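Okay, here's what each chain looks like letter by letter:
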Amino acid sequence: MADFSRNLFFYQERSDNWRENAKHGQAVFAKVAAAISKFECVTVCASPDQWANARSQLPPHIRVIEMSMNDSWFRDTGPTVSNPPSSFNILSALILS
């Protein structure tokens, strides 16, 4: 079993899922990410349109990378395991570099 590396979040923006263009959800996610980052590494993936907004709301030690998506939790929609550990994929290159 691979060691845990970090928490991954998508920075939400969908107006069909989040009221008021996700402004309240973004603020709450930023607080959750900041709280988790006190104990574990956090990477937030934000769309090109939301990258600057995400960067401005998150503490400097949280990594923000540009990535298109349409959900909030990697657990439901994103790859979270690379097996074997020596394999290479683009997500690992972006997040772990």
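Here's a quick rundown of the structure.

About the criteria used
- Residues numbered from 1 in each chain as written.
- Predicted model: local features only at pLDDT ≥ 70, side-chain atom pairs only at ≥ 80, totals over all residues.
- Heavy atoms only, no water.
- 1 Å grid on protein atoms, 1.4 Å probe; cavity = no way out; pocket = protein on both sides within 12 Å on 5 of 7 lines; lining within 4 Å.
- Points joined across faces, edges and corners; volume = space filled by probe spheres on them.
- Helix = DSSP H or I, 4+ residues; strand = E, 2+ residues; numbered from the N terminus.
- Nonpolar A, V, L, I, M, F, W, Y, C, P; charged D, E, K, R; others polar.
- Salt bridge = Lys/Arg side-chain N within 4 Å of Asp/Glu carboxyl O.
- Buried < 20%, exposed > 50% of the residue type's maximum accessible area, 1.4 Å probe, protein only.
- Pairing = 2+ DSSP bridges.
- Axes fitted to C-alpha atoms, helices over the stretch in contact; angles between N-to-C directions.
- Contact = heavy atoms within 4.5 Å.

## With respect to empty space enclosed by the protein
At step 1: In total, this model carries one cavity of 30 Å³ or more according to the counting rule given.
At step 2: Here the largest cavity is characterised by a volume of approximately 40 Å³.
At step 3: In terms of lining residues, the largest cavity is bounded by Phe9, Phe10, Tyr11, Gln12, Phe29, Ala30, Ala33, Val44 and Leu58.
At step 4: Of all the secondary structure elements, the ones that give two or more residues to the lining of the largest cavity are strand E1 (7-10) and helix H1 (23-36).
At step 5: Here the lining of the largest cavity takes three residues from H1, the largest share from any one element.
At step 6: Looking at the lining of the largest cavity residue by residue, the classes come out as eight nonpolar, one polar and no charged.

## Focus on the pattern of salt bridges
At step 1: Under the counting rule described, the total for this entry stands at two salt bridges.
At step 2: Between aspartate 16 and arginine 14 there is a salt bridge whose closest N-O contact spans 2.7 Å.
At step 3: What makes arginine 14 partly exposed here is its relative accessible area of 27%.

## What about the sheet that holds E1?
At step 1: With parallel pairing, the three strands of this open sheet are ordered in space as E1-E2-E3. Every interior strand has two partners, whereas the edge strands, E1 and strand E3 (63-66), have only one. Ignoring which end each strand starts from, the neighbouring axes of this sheet average 25 degrees apart.
At step 2: Judged from the four bridges that link them, E1 and strand E2 (residues 42-46) form a sheet pairing that is parallel. By the bridge assignment for E2, phenylalanine 9 is matched with valine 44.
At step 3: Across the face of the sheet, H1 comes into contact with E1 and E2 while running at roughly 170 degrees to E1.

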